[in-house]
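Analysis of the macromolecular model
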Amino acid sequence: MAPIAIDGVRKVYPGPVEAIPNLSLEIADGELCVLVGPSGCGKSTLLRMVAGLEEITGGEIRIGGRRVNDLEPAERDIAMVFQNYALYPHMTVYDNMAYGLRNRGVPKAEIRALVDEAAGILGLSALLARKPRQLSGGQRQRVAMGRAIVRKPQVFLFDEPLSNLDAKLRSQMRVEIKRLQRRLATTSLYVTHDQVEAMTLGDRLLIMNHGIAEQVGTPMDVYHRPATRFVAGFIGSPMMNFLPGRVAGDGRGVHLPGGWLLATAKARGHAGRPVTVGIRPEHLQPAATGTDSDTITLRTELIEVLGADTLVHGRLDGHDDTVIARLPGSLQVAAGDNLPLAAEPGTVHLFDETERAIGHV
Amino acid sequence: MVERRPVMTVVQHLVLILGAALFVFPIYLAFVASTHTGVEVSRGLPLFPGDQLVTNYGTVLSDGIASAGAPPLGLMLFNSTVMSLAIAIGKIAISLLSAFAIVYFRFPFRILAFWTIFITLMLPVEVRILPTYEVVAGLGMLNSYAGLSIPLIASATATFLFRQFFMTVPDELTDAARIDGAGPLKFFRDILVPLSRTNLAALFVILFLYGWNQYLWPLLVTTDESYYTIVMGIQRMANVGEQQPVWNLVMATAILALLPPVVVILSMQRLFVRGLIEVEK
């Protein structure tokens, strides 16, 4: 059990390509921190630097207060779960889990006990004599986890461990990982490009883009108070709608094309400035028919019925881009309908020209 | 092919049987010739086995065939086996290690090293035979097992094969081994070599045959009869100048010379076939 400190870390690949310019992050003891971002954003690079599989160009990484920059992966007291599991194909499940312990010179009897314990936790006891190719995807995933927990390391590192599983198994393993991590209370760093995984698993999220930390915060934080337009667009599904607007002269609202006026306290002090307005699909709600300036009409183009919800794609009056609204499943709508909508007060996000959020307290 | 057409089945079998017969026939003839007396054979090759089997093989194995101009058979078989094993094992060991170095380590001139090895593919034994002879003679390795095998050990083919195989081993496996605390040699021994098992078997068979069938090189480096290999021996027996070759004994020797490679192939067959057709990952 140990906190991880990533302090001004920089990574430059030969070329030179600067993958990560300067990144700092503190992960508390026992916390599960998720690194999330689109592919190529540097999240795996960061994880591999913590693991010791990638050299650190600049800055410092400390695990449990110990500087690990120049330590071999095996000396860092970490364990890693890989996307493709990376099980040794010629070894049995037992040997796969025992290999790391053997290399550390753990006595045989103790290995037996540790592997049995880990196998028990993961429900692998009946499979110990099998080879990886005789296992299903979910079982392999579990063996990979077993290989990590059997050593009782200070830190778990997960590199998109669920990407190779089908949707059902993925949500099942997600819960299992969460439960396991709670139970063992081991500091964990988890890389994923899947925002659902990130939201459900993480105590805290680090959203990365182009090697830069866009925002660090709890799942609720990044959902309700995205710091940048990128975070706002990346977290949440379907994606947040972005519309151009201009802050009203009195600073109490934002004017949008189509004669729409959104009242928001966030615009105060930015009177007259152009802004990007962000509204999540779930925050667009049907309004009473009316021509009030706080409602706008949506020309619906496509309806996706999800059961509990209905996703309505369409264009707002006076806007060119399509927007999506997540409406209650009970609502009867058909493609081509004109639907008056309003945004829930207080849920509107504003971003300035540099794409940073404004008006957050 | 899951088509079920009786005519096609018959045709397929005919073609296969013909093909097999084509390969087996010369060996059958050799066997037949080795079971007749010399006189019968020289009059024209009979088509059916005769009654001299025990006598001929007995002569070849016990008395040797000094009369036919070659050292005792047992010694030649032994020499051939030593040479083939040394070549096969030596080649595999060297190429495994060099492929490991080329694929897994970053060192200066790594690419150059690889291409140098690769280019030697273009220089088979026959092409470099004079300089190689000069070197071997200079090192005093003429008429020795070392002289027979070492110059044939350096192998680009096997290095290349292992390089290709190692490159298909997922990087994550290397990473996982590093995290599990396996150093380079441990990784090599515990992960890479076991994974290469089927390739090793296939290569061993191929290289053993390669070594066994060497003719020109042993001919050059050995003048001492006690280092003659079986392939040279057969040639000597078939080429005895003025005299008529003792064909029945020559054929018996040839059949005996066939046996060790056959044993190697049969014992490795299952692994060998797997190594050729599948990559286990």
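Along each chain, residue indices are assigned from 1 in the same order as the chain's sequence is written. Chains and ligands are labelled sequentially in the order written, the chains with letters from A and the ligands with numbers from 1. At least 70 in pLDDT is required for a residue's local features to be given in this predicted model, at least 80 for side-chain atom pairs to be given and counted, and no such filter applies to totals for whole chains, interfaces and linings, which use all residues. Excluding hydrogens and water, the side-chain values take into account all heavy atoms of the structure.

Think of a 1 Å grid over just the protein atoms. A cavity is a set of points where a 1.4 Å probe fits yet cannot get out, a pocket is an open set with protein on both sides within 12 Å along at least five of seven lines, and lining residues have an atom within 4 Å of a point. Grid points are joined across faces, edges and corners, and a volume is the space filled by probe spheres set on the points. Summed over all chains, the structure comprises two cavities of 30 Å³ or more. Looking at the largest cavity, its volume works out to about 70 Å³. Together, Ala-79, Met-80, Phe-82, Ala-144, Arg-147, Ala-148 and Arg-151 of chain A together with Ala-176, Ile-179 and Asp-180 of chain B line the largest cavity. Runs of E in the DSSP output that reach at least two residues are strands. Runs of H or I that reach at least four are helices, and both are numbered from the N terminus. When residues of the lining of the largest cavity are traced back to their parent elements, those giving at least two are strand S6 (78-81) and helix H4 (137-149) of chain A together with helix H9 (171-179) of chain B. Counting residues per element, the lining of the largest cavity draws most heavily on H4 of chain A, at three residues. Residues are grouped as follows: Ala, Val, Leu, Ile, Met, Phe, Trp, Tyr, Cys and Pro are nonpolar; Asp, Glu, Lys and Arg are charged; all remaining types, including Gly, are polar. For the lining of the largest cavity, the class distribution of residues is seven nonpolar, no polar and three charged. Looking at the second largest cavity, its volume works out to about 40 Å³. Where the lining of the second largest cavity is concerned, the elements lending two or more residues are H4, strand S7 (155-159) and helix H5 (167-184) of chain A. Looking at the lining of the second largest cavity residue by residue, the class counts come to eight nonpolar, one polar and no charged.

Right, let's talk about the interface of chain B and chain A for a bit. Taken together, the contacts link 18 residues of chain B with 24 residues of chain A. Each of two parts loses accessible area, computed with a 1.4 Å probe, when they are put together; buried area is these two losses added. Looking at the side of chain B facing chain A, the largest losses of area belong to Arg-178, Ile-179 and Asp-180 of chain B, adding up to 39% of the total buried there. The working definition used for a salt bridge is a side-chain nitrogen of Lys or Arg within 4 Å of a carboxyl oxygen of Asp or Glu. Connecting chain B to chain A are three salt bridges. A salt bridge links Asp-180 of chain B to Arg-151 of chain A; the nearest nitrogen and oxygen atoms lie 3.1 Å apart. Between two residues, a contact is recorded if the distance between any of their heavy atoms is within 4.5 Å.

In the structure shown here, the tally under the stated rule is 21 salt bridges over all chains. Between Glu-60 of chain A and Arg-62 of chain A there is a salt bridge, with the nearest N and O atoms lying 2.6 Å from each other. When the shortest N-O distance is used, the salt bridge between Asp-190 of chain B and Arg-189 of chain B registers 3.5 Å. Residue exposure (1.4 Å probe, protein chains only): buried if accessible area is under 20% of the type maximum, exposed if over 50%, otherwise partly exposed. The class for Asp-190 of chain B is buried, based on a relative accessible area of 19%.

We now examine the domain arrangement of chain A. All names here are of chain A. Just so you know, the domain bounds were taken from an automatic or database domain assignment. Domains assigned within chain A are domain 1 (4-234) and domain 2 (241-358). For domain 1 versus domain 2, the distance between C-alpha centres works out to 39 Å. Taken together, the contact pairs nine residues of domain 1 with 10 residues of domain 2. Among the residues domain 1 hides against domain 2, the three largest losses belong to Tyr-223, Arg-229 and Ala-232. Together they make up 61% of the total. Run the count over domain 1 and domain 2 and you get zero salt bridges. Here a polar contact means two N or O atoms within 3.5 Å. Within protein one must be a hydrogen donor candidate and the other an acceptor candidate, and residues neighboring in sequence count only if both atoms are side-chain atoms. Where domain 1 meets domain 2, there are four residue pairs in polar contact (both at pLDDT 80 or more).

Here we come to the sheet that holds strand S4 (residues 58-63) of chain A. Residues and elements named next belong to chain A. The rule for pairing is simple: two strands pair if DSSP sees at least two bridges between them. Spatial ordering of the open sheet is given by S2-S1-S4-S5, a layout of four strands whose pairing is antiparallel. Taken across any chain shown, the strands that pair with only one partner, and hence form the sheet edges, are strand S2 (17-27) and strand S5 (66-67). As judged from the seven bridges shared by strand S1 (residues 4-13) and S2, these two strands associate in the antiparallel manner. Across the sheet, the residue bridging to Lys-11 is Ile-20, located in S2. In this analysis, axes come from line fits to C-alpha atoms, helices being fitted only over the stretch in contact, and the angle between any two N-to-C directions falls in the range 0 to 180 degrees. Across the sheet, helix H1 (residues 43-51) is in contact with S1, S2 and S4; its angle to S1 comes to roughly 115 degrees.

All names here are of chain B. Patches in this entry comprise residues that are over 30% relatively accessible and not in a salt bridge; like charges within 9 Å are linked, as are nonpolar side chains (Val, Leu, Ile, Met, Phe, Trp, Tyr) within 5 Å. Each accessible area is a Shrake-Rupley result for a 1.4 Å probe, and residues are judged covered by the shown protein chains and nothing else. A cluster of nonpolar side chains, contributed by Leu-22, Phe-23, Val-24, Phe-25, Tyr-28, Leu-47 and Phe-48, occupies part of the molecular surface with about 810 Å² of accessible area. Summarising the element assignment, Leu-22 is placed in helix H1 (residues 6-33). You can call Leu-22 exposed: its relative accessible area is 68%.

Here we come to the packing of aromatic side chains. Each aromatic ring pair is characterised by the separation of its centres together with the angle its planes make. Residue and element names in this part refer to chain B. Aromatic rings from Phe, Tyr and Trp, taking only the six-membered ring of Trp, are treated as a pair when their centres fall within 6.5 Å; an angle between ring planes under 30 degrees marks them as stacked, one over 60 as edge-to-face, and anything in between as tilted. The tally for this structure, following the rule as stated, stands at 21 aromatic pairs over all chains. Both rings, one in Phe-100 and one in Phe-188, keep their centres 4.7 Å apart while their planes meet at 40 degrees; by these two values the pair is tilted. On the criterion of sequence distance, the pair formed by Phe-100 in helix H4 (residues 73-104) and Phe-188 in helix H10 (residues 184-195) is long-range, its members being 88 residues apart. Look at Phe-100 and you get buried, because its relative accessible area is 5%. Phe-188 sits in the buried class, given a relative accessible area of 11%.

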